[in-house]
Amino acid sequence: MALTLRSSTSFISQKDTKGFKTADISNSIFFTQIKPPCRIRAKISMQESQPSHERALTSEGRKKEVLHGLPTPHGKNDSRVPVFVMLPLDTVSFGGNLNKPRAMNASLMALKSAGVEGVMVDAWWGLVEKDEPMKYNWEGYAELVEMVKKQGLKLQVVMSFHQCGGNVGDSCSIPLPPWVLEEISKNPDLVYTDRSGRRNPEYISLGCDSLPVLRGRTPIQAYSDFMRSFRNQFKDYLGGVIEEIQVGMGPCGELRYPSYPESNGTWRYPGIGEFQCYDKYMRASLAASADKVGKRDWGRSGPHDAGHYNQSPEDTGFFRRDGTWTTEYGQFFLEWYSGKLLEHGDRILAAADGIFRGTDAKLSGKVAGIHWHYRTRSHAAELTAGYYNTRNQDGYLPIARMMGKHGVVLNFTCMEMKDSEQPEHANCSPEGLVRQVKMATKAAGTELAGENALERYDSNAYAQVLATSKSDSGNGLSAFTYLRMNKRLFEGNNWRNLVEFVKNMSEGGRNRLPECDSSRTNLYVGFIKEKQSALRTKEAVLV
C-alpha cells in the first residue's frame, strides 16, 4: 500500500520459483571491517575545530537529522526498545517448505550479531490450510522456529488471513486457500465490494463474520481453528522463542477496510478511497441499523456523494469542508461503518485471547497509518478505511480501548515518516497522526509498538523512528519491527545504519557507534567462508 503497506523482497527468483541452487559454502561468516567515508571523517574534523558553543548549536540544529543528536530518554529501564526485522513474504514456499534455509541461517546470524531482538514472519492461511479445511501444514514454519531458536533470536508470527499480492512491494502471490476461493466463486458477496460492484478478494467481508459460509464454519471459527492449530503445534515455544502473535484482522493484516486497493490501478496515492459496504451482508446490516433509528431511507445504500477512489475531499459532497459527513446522516453512517470494524476486531481478538491465554505469548494487532488528507477537516482517507477520525472526533481511542480490553499491543505504521517529506497537495501529517495514536494508547492504557511503512535505509528515517519511540508525548514504543530483510539491507552503508539504529534503540539513544570508527566495527556481514579454503573468501549475498 502506497504509504502504509509493508513492501517486500522475495526469496524466490522471478525466473525460477520452483527451486534454487546454492554455492557449496559453509555457514561460517567473516566480518569485514568498515572504515567511515571520507566525507564523514571530514565532517567530524570540522566539528572538532569549532568552538564548543558552535558545536552545540550545530548539534541542536541537526538533532532531527542524525541519530546521535536526539535527546536522551529519562529512565534507563523503560527506554530500551527491542528491534525486530520482518522476513520476506515468501519465507515459506508455496509447497510449505522453508525457502533457502542456508541463506536464511546466515542472515539470522548476521541480525543476531547486530543486536536485533528477533524476526517477524507471516503464517499464511493460503499456505498452511491450502489443501482442505482443517488440514494444516506447519512444516516450513517448524524449521524456521528451530533455526531462530538456535540463533538465540525471538520470533513474532503474524496470523495472516489475507491475500498476499496486488499491493506495493508484494513480490509474490499467495491467495486465500483454494477451497475458500471456491466458496467465493459460488457466492461473490463473501468479499468486500465497492459502490461500482468491484469485488476485492484480499480478505473475507466482515459482514459474514458470524455466518457459516465456509463449508459449515463461520470466518471467525475458521480463523480460530487456524490459531488453535498453531498453538497446539508450537505450544513448547510460545512465550519463549515465539514471543508475539500478531492477529490479522483485514487487508495486509491490518484492522481496516480495503478502501485503497492498488491492484489494476484502481487506487493511486493520495486518493480518498471508497467505502467498502456493498456486499449483501454489509447492506443488510446497514438496513437493520437504519431501521433501528427509525430512518429506513438511510439504510438503502452507502453515501451517494462520496466520490471515487482517486478524488480529493473537496471534489466530493460528502468529504468537503462542511460536507455530508457533518450531517446527522453522515454521523449515523460513519458510526455504523467504523463500529462494524471495531466489532470485527473485537470478535477476532476475543477468540485469540481465549486461545493463547496462559501461553505467555504477547498478542498484537495492526492499525494502518493513513496519513494523507490528515490535515483536512474530514480526514477522508481514514474514514473510507473505517477509522472515524475527523477534526472533531478521535477515531483511534476506541480502537486502542478495544485492543486494550484484550491485553493486545497496538502496532502502528509510518513511524519513519516526516511531514516535510510529503507532497503538499496530499495534506499529509504522519507526525501528527503518530502523535494522536500515541496519546490514544496512553489514554487507553494500551501498549504501543511500531513499524516503518516503506523500505528505508537512510539515517534520517532511523532518526525519526528513534524520535517517535520516546514517551515524551503519549506512549513510547514497546518494540519496533523493521521492514524488511532483503539484499539491500546487508549492503555497506545500509547495514551500518541498521546496526547504529539497533544500538540506539537498545540503549535509548545514549550511546552510538561512532561516525568515525577508529576501532573498525566488525558488524558488517559481507563474506561467507568457502569450505575448501580457510584462507580465501567469496563475496556472497545473504538473502
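See above for the structure.
Residues numbered from 1 in each chain as written. Predicted model: local features only at pLDDT ≥ 70, side-chain atom pairs only at ≥ 80, totals over all residues. Heavy atoms only, no water.

Peer 1: Quick question: what am I supposed to make of the overall build of the protein here?
Peer 2: When you go through the protein residue by residue, the secondary structure sums to 14 helices and 13 strands. Contacts in the protein between residues at least 24 apart in sequence constitute 78% of all its contacts with a sequence separation of at least 6. (Helix = DSSP H or I, 4+ residues; strand = E, 2+ residues; numbered from the N terminus. Contact = heavy atoms within 4.5 Å.)

Peer 1: Hey, could you run me through the sheet that holds strand S8 (residues 362-367) in this one?
Peer 2: Within a sheet, each strand pairs with its neighbour through backbone hydrogen bonds, oriented either parallel or antiparallel. On the basis of which strands lie adjacent, the closed barrel formed by 8 strands has the order S2-S3-S4-S7-S8-S9-S10-S11 and parallel pairing. Strand after strand, the sheet turns through a mean of 30° between neighbouring axes, direction not considered. Lying over the sheet, helix H9 (residues 328-356) contacts strand S7 (242-247), S8 and strand S9 (408-412), oriented at roughly 155° with respect to S7. The strands touched by helix H11 (residues 397-405) are S8 and S9; relative to S9, the strand with the most contacts, the crossing angle is about 145°. (Pairing = 2+ DSSP bridges. Axes fitted to C-alpha atoms, helices over the stretch in contact; angles between N-to-C directions.)

Peer 1: It is not clear to me how H9 should be interpreted in this structure. Could you clarify?
Peer 2: Along an α-helix, a turn takes 3.6 residues, which lines up residues three or four apart on a common side. Taking 1.5 Å per residue as the helical rise, H9 with its 29 residues ought to reach 42 Å, and the 41 Å between its terminal C-alpha atoms agrees with that figure. Immediately beyond the C-terminal end of H9, within one or two residues, lies Gly 358, with a positive phi of roughly 90°. (Expected span 1.5 Å × (residues − 1).)

Peer 1: Help me understand the side chain of Thr 390 in this model?
Peer 2: Among the secondary structure elements, Thr 390 is positioned in the loop between helix H10 (380-385) and H11. Residue Thr 390 is classed as buried on the basis of its relative accessible area, which comes to 7%. What Thr 390 contacts, discounting residues up to four positions off in sequence, is Trp 325, Arg 377, Ser 378, His 379 and Leu 383. (Buried < 20%, exposed > 50% of the residue type's maximum accessible area, 1.4 Å probe, protein only.)

Peer 1: What is the right way to look at the pairing of strand S10 (residues 448-451) in this model?
Peer 2: Working note: regular strand, side chains alternate between the two faces of the sheet. Side chains of S10 alternate between two faces, with Leu 448 and Gly 450 and Ala 449 and Glu 451 buried alike. Sheet topology note: the S9/S10 ladder contains 3 bridges and is parallel. Residue pairing across strands places Asn 411 opposite Ala 449, the latter belonging to S10. For the crossover from S9 across helix H12 (residues 430-444) to S10, the handedness is right-handed. (Right-handed = clockwise from strand over helix to strand, strands pointing away.)

Peer 1: Any chance you could explain helix H14 (residues 492-506) here in plain terms?
Peer 2: Between its terminal C-alpha atoms H14 stretches 21 Å, which fits the 21 Å expected from 15 residues at 1.5 Å a residue. Burial analysis of H14 places 11 of its 15 residues in the buried class, which makes it a mostly covered element. Listed in full, the buried residues belonging to H14 are Asn 494, Trp 495, Arg 496, Asn 497, Leu 498, Val 499, Glu 500, Phe 501, Val 502, Asn 504 and Met 505. Following H14 by one or two positions, Gly 508 adopts a phi angle in the positive range, close to 65°.

Peer 1: Teacher, can you tell me more about the packing of helix H13 (residues 459-468) against H14 here?
Peer 2: Two quantities define a packed helix pair, namely the angle between the axes and the distance from one axis to the other. Interaxial distance between H13 and H14 falls to 10 Å at its minimum, and their mutual angle equals 15°. Compared by their axis directions, H13 and H14 come out roughly parallel. Like other packed secondary-structure pairs, H13 and H14 cross with a definite hand, here right-handed. Here Ser 459, Tyr 462, Val 465 and Leu 466 of H13 come into contact with H14, specifically with Asn 497, Leu 498, Phe 501, Asn 504 and Met 505. (Parallel < 35°, antiparallel > 145°, perpendicular 65-115°, else oblique. Left-handed = near helix turned anticlockwise from the far one by under 90°.)

Peer 1: Explain the pattern of salt bridges to me, please; I cannot follow it from the model alone.
Peer 2: Between side chains of opposite charge, a pair can form as their charged atoms come close. All chains considered together, the criterion is met by 26 salt bridges. The shortest N-O distance in the salt bridge between Glu 343 and Arg 347 comes to 3.7 Å. Taken together, the positions of Glu 343 and Arg 347, both in helix H9 and 4 residues apart, correspond to about one turn of that helix. Owing to a relative accessible area of 38%, Glu 343 belongs among the partly exposed residues under this scheme. Accessibility expressed as a relative area gives 28% for Arg 347, which makes it partly exposed. In this structure, Glu 500 and Arg 496 form a salt bridge, with 3.8 Å as the shortest nitrogen-oxygen distance. Of the two residues, Glu 500 and Arg 496 both sit in helix H14, 4 residues apart, roughly one turn of that helix. (Salt bridge = Lys/Arg side-chain N within 4 Å of Asp/Glu carboxyl O.)

Peer 1: Help me out: how do you make sense of unusual backbone geometry in this one?
Peer 2: Among all residues except glycine, the phi angle is most often negative; among peptide bonds, the trans geometry is most common. Here the amide bond leading from Tyr 269 into Pro 270 is cis, since omega sits at 5°, within 30 degrees of zero. Looking at where Pro 270 falls in the secondary structure, it is placed in the loop between S7 and helix H8 (280-292). Backbone torsion omega between Leu 483 and Arg 484 reads 0°, so that peptide bond is classified as cis. Checked against the element boundaries, Arg 484 lands in the loop between strand S11 (480-482) and H14. Not every positive phi belongs to a glycine, and Met 134 is a case in point at roughly 65°. By secondary structure assignment, the location of Met 134 is in the loop between helix H4 (125-128) and helix H5 (139-150).

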